[in-house]
Amino acid sequence: MVEVASIIRLPEVMANSTEAAIATWVVDEGGEVAVGDVLAEIETEKAVVEMHAEESGVLAKRLVEPGKVVAVGTPIAVLTASAGEEYDLAALLGDDDGAAQEPEVPSAEAVQAPGSSGSASSGPAPAEAAEAPRGARVFASPLARKLARENGVPIEALEGSGPGGRIVRRDVERFLAQAPAPAPAAPVPTSAPAAPAAVGELVPHTPMRRAIARRLTESKQQVPHFYLVAEPRVDALLELRAQANAGSARRKLSVNDFVLKAVAAAFRAVPEANVAWTEEGMHRFDGVDVAVAVATEDGGLLTPVVRGVDRLSVTEVSAAVADLAGRAREGRLRQEELEGGSTTVSNLGMYGTREFAAILNPPQATILAVGAAVEAPVVVDGHLEVGRTMRCTLSADHRAVDGALAARWLAAFTEAVENPLVALL
């Protein structure tokens, strides 16, 4: 329980994030909170994540309205020990002159209609779009404002579909999708009739897509990647999975659940590979936390982390992956669930992809790309037979993991896949 009134500040909800917005306040002013309760949902360029209370008390005042972008560390609320407790906001905020005046927190930006002085919007709005009254306040999320500004869309011409009529990202994207496509340029006269020009549309980048593009570009430019390929036989793994799923198990296990356990077994066998490069030195992990690539509905990619895969049973791994993947698609992951990880597993086998190579997710030193399990000719004791194999590609950071070390790890992974009981022990 908080003993005196205190300030709640915006946390760093994502690695390397410097600002974010309150998407939704979950607790109303005057509401009681306990340690671990969800106070608010924080919107970043990647996702919407939950912010949890670190102390119990009463949320006396909210200092930031939903939709307002603020920097990490900005005061966003006041927490008191009990309801009705008096507090000096200026003193809590560290105001040197001791003024008692509270900071002005606008509920939304005042946006002027097109044609009025000071309008930052550009580009004509369709005739059928309803404009807000001149000088009226327009309620819009920060991501919607940014997307509208980048595409020259007058925010006041949009109709909001969010809570309370707030304009959100999908409203801007819908407006852009419905806007008339530019007329194709007139063909240059030639002796023969010109082929009709292809007409398409420009789909704006989402903030998550921009973040993914930036991080992967930096990874490819700054991290020396190299790749190793193995093709373990998976007949025993598939048979073990079929036996497990044939029983009365509450959860059906996937191939990827066994792959994660094999990854953990490989790091147990080759702990020297369980590292990450930093400028100060090599960080060695003492456990195996595995990030799992999850595609979201809007085309983005998140990598929530399954903690302690080496200590979990395959059933527990399956439950953890299902929970994280489900909440990733719903935008309900917590900050700590997107941070850290010894390595990442990206599995496209369920789409029929035979082989691919993945780009590293810094600061991790490895990422495993898993293809589909398919029938293939295999040689056993000099005899040819049909088996099922699964092609896996390990991408590694050569600063942290040398070729021989990566080869040893991949051999240990192959052994664990081909003898799945090894991975489960």
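Residues numbered from 1 in each chain as written. Predicted model: local features only at pLDDT ≥ 70, side-chain atom pairs only at ≥ 80, totals over all residues. Heavy atoms only, no water.

1. Re unusual backbone geometry
The phi angle of most residues is negative, glycine excepted, and most peptide bonds adopt the trans form.
Right, so step 1: Omega for the peptide link from Pro-362 to Pro-363 comes to 5°, which places this bond in the cis form.
Right, so step 2: Within the secondary structure layout, Pro-363 lies in the loop between β17 (343–347) and β18 (366–380).
Right, so step 3: Positive phi, close to 55°, is recorded for Asp-381, a residue that is not glycine. (Helix = DSSP H or I, 4+ residues; strand = E, 2+ residues; numbered from the N terminus.)

2. Concerning the sheet that holds strand β19 (residues 383–397)
Right, so step 1: The 6 strands lie next to each other as β9-β19-β18-β17-β12-β15, forming an open sheet whose pairing is mixed. Whereas interior strands pair on both sides, the edge strands pair on one side only; in this sheet they are β9 (225–230) and β15 (305–306).
Right, so step 2: Sheet analysis places β9 next to β19, joined by 6 bridges and oriented antiparallel. What sits directly across from Tyr-227, in β19, is Ser-395. (Pairing = 2+ DSSP bridges.)

3. Focus on the sheet that holds strand β3 (residues 32–33)
Right, so step 1: The strand order β1-β8-β6-β3 describes an open sheet built from 4 strands, whose pairing is antiparallel. Across the chains shown, the open sheet's two edge strands, defined by having one partner strand only, are β1 (6–9) and β3.
Right, so step 2: Pairing of β3 with strand β6 (residues 57–62) involves 2 bridges; the strand directions are antiparallel. Paired with Val-33 across the bridge in β6 is Gly-57.

4. Thoughts on the packing of helix α6 (residues 255–269) against helix α8 (residues 403–418)
Right, so step 1: Running from N to C, α6 and α8 cross one another at 135°; their axes reach a closest spacing of 8 Å. Between α6 and α8, the angle falls in the class oblique. When the axes of α6 and α8 are compared, the crossing they make is right-handed. On the side of α6, the interface is formed by Val-259, Ala-262, Val-263, Ala-265, Ala-266, Phe-267 and Ala-269, while α8 contributes Trp-409, Ala-412, Phe-413, Ala-416 and Val-417.
Right, so step 2: The class makeup of the residues in the contact of α6 with α8 is 12 nonpolar, no polar and no charged. (Axes fitted to C-alpha atoms, helices over the stretch in contact; angles between N-to-C directions. Parallel < 35°, antiparallel > 145°, perpendicular 65-115°, else oblique. Left-handed = near helix turned anticlockwise from the far one by under 90°. Contact = heavy atoms within 4.5 Å. Nonpolar A, V, L, I, M, F, W, Y, C, P; charged D, E, K, R; others polar.)

5. Section: α6
Right, so step 1: End to end, α6 covers 21 Å across 15 residues, agreeing with the expected 21 Å (1.5 Å per residue, within 8%).
Right, so step 2: α6 sits mainly inside the fold: 12 of its 15 residues count as buried.
Right, so step 3: Within α6 the residues assigned to the buried category are Asn-256, Asp-257, Phe-258, Val-259, Leu-260, Lys-261, Ala-262, Val-263, Ala-264, Ala-265, Ala-266 and Phe-267. (Expected span 1.5 Å × (residues − 1). Buried < 20%, exposed > 50% of the residue type's maximum accessible area, 1.4 Å probe, protein only.)

6. Quick word on the packing of aromatic side chains
Right, so step 1: Counting across every chain of the model gives 2 aromatic pairs.
Right, so step 2: Measuring from centroid to centroid gives 5.3 Å for Phe-267 and Trp-409, while their planes differ by 55°, and the two rings are tilted. Taken together, the positions of Phe-267 in helix α6 and Trp-409 in helix α8 put the pair 142 residues apart, joining distant regions of the chain.
Right, so step 3: Taking the centre distance of 5.6 Å and the plane angle of 5° together, the rings of Trp-409 and Phe-413 count as stacked. Here the residue Trp-409 and the residue Phe-413 both occupy positions in helix α8, the gap between them amounting to 4 residues, near one helical turn. (Phe/Tyr/Trp six-rings, centres within 6.5 Å; stacked < 30°, edge-to-face > 60°.)

7. Considerations on the packing of α6 against helix α7 (residues 314–329)
Right, so step 1: Across the interface, α6 lies against α7 with an axial gap of 9 Å and an inter-helix angle of 115°. Relative to α7, α6 is oriented roughly perpendicular. The handedness of the crossing between α6 and α7 comes out as right-handed. From α6, Asp-257, Phe-258, Leu-260 and Lys-261 reach across to α7, where they touch Val-314, Val-317, Ser-318 and Val-321.
Right, so step 2: Residues of the contact of α6 with α7, tallied by class, amount to 5 nonpolar, 1 polar and 2 charged.

8. Re α7
Along an α-helix, a turn takes 3.6 residues, which lines up residues three or four apart on a common side.
Right, so step 1: Over its 16 residues, α7 runs 23 Å from end to end, which matches the ideal 22 Å to within 8%, given 1.5 Å per residue.
Right, so step 2: Taken residue by residue, α7 has Val-314, Val-317, Ser-318, Val-321, Leu-324, Ala-325, Arg-327 and Ala-328 as its buried positions.
Right, so step 3: Where α7 ends, the next residue or the one after it, Gly-331, has phi of about 70°, a positive value.

9. Considering the pairing of strand β8 (residues 75–80)
In the case of a regular strand, side chains alternate between the two sheet surfaces.
Right, so step 1: With 5 of 6 residues buried, β8 is to be regarded as a mostly interior element.
Right, so step 2: Across 4 bridges, the pairing between β1 and β8 is antiparallel. Residue pairing in the sheet places Arg-9 in a bridge with Pro-75 of β8.
Right, so step 3: Across 4 bridges, the pairing between β6 and β8 is antiparallel. The partner of Leu-59 across the bridge, within β8, is Leu-79.

10. Points about the pattern of salt bridges
Between side chains of opposite charge, pairing is possible as soon as their charged atoms come close.
Right, so step 1: The final tally for this structure, using the stated rule, is 12 salt bridges.
Right, so step 2: One salt bridge in this structure joins Arg-408 and Glu-272, with 3.0 Å as the shortest N-O distance. Of this pair, Arg-408 sits in helix α8 while Glu-272 sits in the loop between α6 and β10 (275–277), and the two are 136 residues apart along the sequence.
Right, so step 3: Exposure remark for Arg-408: the relative accessible area of 42% places this residue in the partly exposed category. (Salt bridge = Lys/Arg side-chain N within 4 Å of Asp/Glu carboxyl O.)

11. A word on the environment of Val-370
Right, so step 1: Tracing the backbone through its elements, the reader meets Val-370 in strand β18.
Right, so step 2: The class of Val-370 is buried, set by a relative accessible area of 0%.
Right, so step 3: Along the backbone, Val-370 and Glu-355 are 15 residues apart, and their C-alpha atoms lie at a distance of 7.2 Å.
Right, so step 4: Contacts of Val-370, omitting those with residues within four sequence positions, involve Val-259, Val-345, Ser-346, Asn-347, Leu-348, Gly-349, Phe-356, Met-390, Arg-391 and Cys-392.

12. Some remarks on the side chain of Thr-393
Right, so step 1: Following the sequence through the fold, Thr-393 ends up in strand β19.
Right, so step 2: Polar contacts involving the side chain of Thr-393 include one to the main-chain carbonyl oxygen of Phe-356, which spans 3.2 Å.
Right, so step 3: Discounting residues that sit within four places of it in the chain, Thr-393 has contacts with Tyr-227, Leu-228, Val-229, Glu-355, Phe-356, Ala-357, Ile-367, Leu-368 and Ala-369. (Polar contact = N/O pair within 3.5 Å; in protein donor to acceptor, adjacent residues only side chain to side chain.)

13. Quick look at the confidence of the model for the protein chain
Right, so step 1: With 81% of its residues at a pLDDT of at least 70, the protein chain reaches an overall mean of 81.
Right, so step 2: In the predicted structure, residues 95–135 sits below a pLDDT of 50 and forms 63 contacts with residues beyond four places in sequence or in another chain. (pLDDT = per-residue confidence, 0-100.)

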